Amino acid sequence: MRILAFSDLHRDLGRAASLVERSADADVVVGAGDFASVHDGLEETLGALAGIDKPTVLVPGNNETADALRAAASDWASAVVLHGEGATVAGREFFGLGAGIPVTPWDWSFDLSDDEATEALAGCPEGAVLVLHSPPLGHCDVSGSGDHLGSAALAEAIGRVAPPLAVCGHIHESWGERSRIGDTVVANLGPDGDVFEV
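An account of the accompanying structure is given in this report. Everything numeric here is computed off the predicted structure, so don't read it as measured data. (Residues numbered from 1 in each chain as written. Predicted model: local features only at pLDDT ≥ 70, side-chain atom pairs only at ≥ 80, totals over all residues. Heavy atoms only, no water.)

Here's the deal with the nonpolar core
What tends to happen in soluble globular proteins is that the nonpolar side chains get buried as a cluster.
So, point 1. Judged by nonpolar contacts, the single largest core of 23 residues is most densely connected at Leu97, Leu121, Leu130, Leu132 and Ile158.
So, point 2. Of all the secondary structure elements, the ones that give two or more residues to this core are β6 (92-97), β7 (129-132), α5 (152-161) and β8 (165-168).
So, point 3. Examining the composition of this core, we find that five residues originate from one element, α5, more than from any other.
So, point 4. Isoleucine 158 has contacts with Leu130, Leu132, Pro136, Pro163, Ala166, Ile181, Thr184 and Val186, leaving out every residue within four places of it along the chain.
So, point 5. Phe6, Ala16, Phe35 and Leu42 belong to the second largest nonpolar core, which has 19 residues in total. (Core = buried A, V, L, I, M, F, W, Y, C linked by side-chain atoms within 4.5 Å. Buried < 20%, exposed > 50% of the residue type's maximum accessible area, 1.4 Å probe, protein only. Helix = DSSP H or I, 4+ residues; strand = E, 2+ residues; numbered from the N terminus. Contact = heavy atoms within 4.5 Å.)

Description of the sheet that holds strand β9 (residues 178-181)
So, point 1. A sheet is described by the order of its strands in space; here six strands give the open sequence β5-β6-β7-β8-β10-β9, paired in mixed fashion. Both edges of this open sheet fall to β5 (85-89) and β9, since each of them pairs with a single strand only. Each adjacent strand pair in this sheet contributes to an overall mean axis angle of 20°, direction not counted. (Pairing = 2+ DSSP bridges. Axes fitted to C-alpha atoms, helices over the stretch in contact; angles between N-to-C directions.)

Regarding α5
So, point 1. Every buried residue of α5 is accounted for by Ala153, Leu154, Ala155, Ala157, Ile158 and Val161.
So, point 2. Buried residues belonging to α5 abut β6, α4 (114-120), β7, β8, β9 and β10 (184-188).
So, point 3. Put simply, serine 151 is the residue that caps the front of α5, since its side-chain oxygen is 3.2 Å from the backbone nitrogen of alanine 153. (Polar contact = N/O pair within 3.5 Å; in protein donor to acceptor, adjacent residues only side chain to side chain.)

Regarding the side chain of histidine 139
So, point 1. Within the secondary structure, histidine 139 sits in the loop between β7 and α5.
So, point 2. With relative accessibility at 18%, the residue histidine 139 sits in the buried group.
So, point 3. Ignoring any residue separated from it by four or fewer positions in sequence, one finds histidine 139 in contact with Ser179, Arg180, Ile181 and Val186.

Re the packing of aromatic side chains
So, point 1. By the definition in use, this model includes two aromatic pairs.
So, point 2. With centroids separated by 6.2 Å and ring planes inclined at 80°, the aromatic side chains of phenylalanine 6 and phenylalanine 35 adopt a geometry described as edge-to-face. Placement of phenylalanine 6 in strand β1 (residues 2-6) and of phenylalanine 35 in the loop between β2 (28-31) and α2 (42-49) is noted, with a sequence separation of 29 residues between them.
So, point 3. For phenylalanine 35, a relative accessible area of 0% corresponds to the buried category. (Phe/Tyr/Trp six-rings, centres within 6.5 Å; stacked < 30°, edge-to-face > 60°.)

Focus on the sheet that holds strand β3 (residues 56-58)
So, point 1. With mixed pairing, five strands are arranged side by side in an open sheet as β4-β3-β2-β1-β11. The open sheet has two edge strands, β4 (79-81) and β11 (194-197), and neither has a second partner. Direction aside, the axes of adjacent strands within the sheet are offset by 25° on average.
So, point 2. Both β2 and β3 contribute to a ladder of three bridges, which runs parallel. From the neighbouring strand, valine 29 faces β3, where its bridge partner is threonine 56.

A closer look at the layout of surface pockets
So, point 1. Of the voids in this model, the largest pocket is the one considered here, and its volume is about 320 Å³.
So, point 2. Taken together, 18 residues form the lining of the largest pocket, with Thr104, Trp106, Leu149, His170 and Ile171 sitting closest to its centre.
So, point 3. Residue classes in the lining of the largest pocket are distributed as eight nonpolar, seven polar and three charged. (1 Å grid on protein atoms, 1.4 Å probe; cavity = no way out; pocket = protein on both sides within 12 Å on 5 of 7 lines; lining within 4 Å. Points joined across faces, edges and corners; volume = space filled by probe spheres on them. Nonpolar A, V, L, I, M, F, W, Y, C, P; charged D, E, K, R; others polar.)

Some thoughts on the environment of proline 136
So, point 1. Within the secondary structure, proline 136 sits in the loop between β7 and α5.
So, point 2. Judged by its relative accessible area of 1%, proline 136 falls in the buried class.
So, point 3. Placed 20 residues apart in sequence, proline 136 and glutamate 156 show a C-alpha to C-alpha distance of 8.2 Å.
So, point 4. Look past the residues within four positions of proline 136 in its chain and what remains in contact with it is Asp141, Gly150, Ser151, Leu154, Ala155, Ile158, Ile181 and Val186.

Details of the side chain of serine 179
So, point 1. Relative to the helices and strands, serine 179 is located in strand β9.
So, point 2. Of the polar contacts made by the side chain of serine 179, one reaches the side chain of histidine 139; its length is 2.6 Å.
So, point 3. Each residue touching serine 179, except ones within four places of it in the same chain, is listed here: His139, Cys140, Thr184, Val185 and Val186.

In structure tokens:
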């Protein structure tokens, strides 16, 4: 399976148009959150992406809520929004969990605590492709100040369910970085995205 995955568009309609074009060569497209900027521009950004007719998996970032993302994607026939749930997409299991994890310092942000994330990931089946917004602690999660801002709960879940691929975004300074937890490839995507064979 050829997966085109990206994160953190933050209303960048030019990059959205490029992703629509590139999706022609993919089997599945994955959007790992932050389509909006501080809850603004979500509908416009999803409208720009809705030209993607391949099966598409979306998770909310911390810049939009799960409910807002589901509402904005309701007319996009090929897209499914996952947040604490899984789905079979093009014959493969995917499981998604969005939001900022752990809780960010911003009062406007859509966040979960590590405990909430652990509970939400309890139903993730072994071997599912894991679509996250936030990175696991110690992997693709270094901020501009050199701090690791990822989630211990996400790192534990990846170790437990051993997905072939775990994609994330959220920490902009780590866009494009790759890491491994056991046999799992962890990738912080960024808005240009990347292609993965799974």
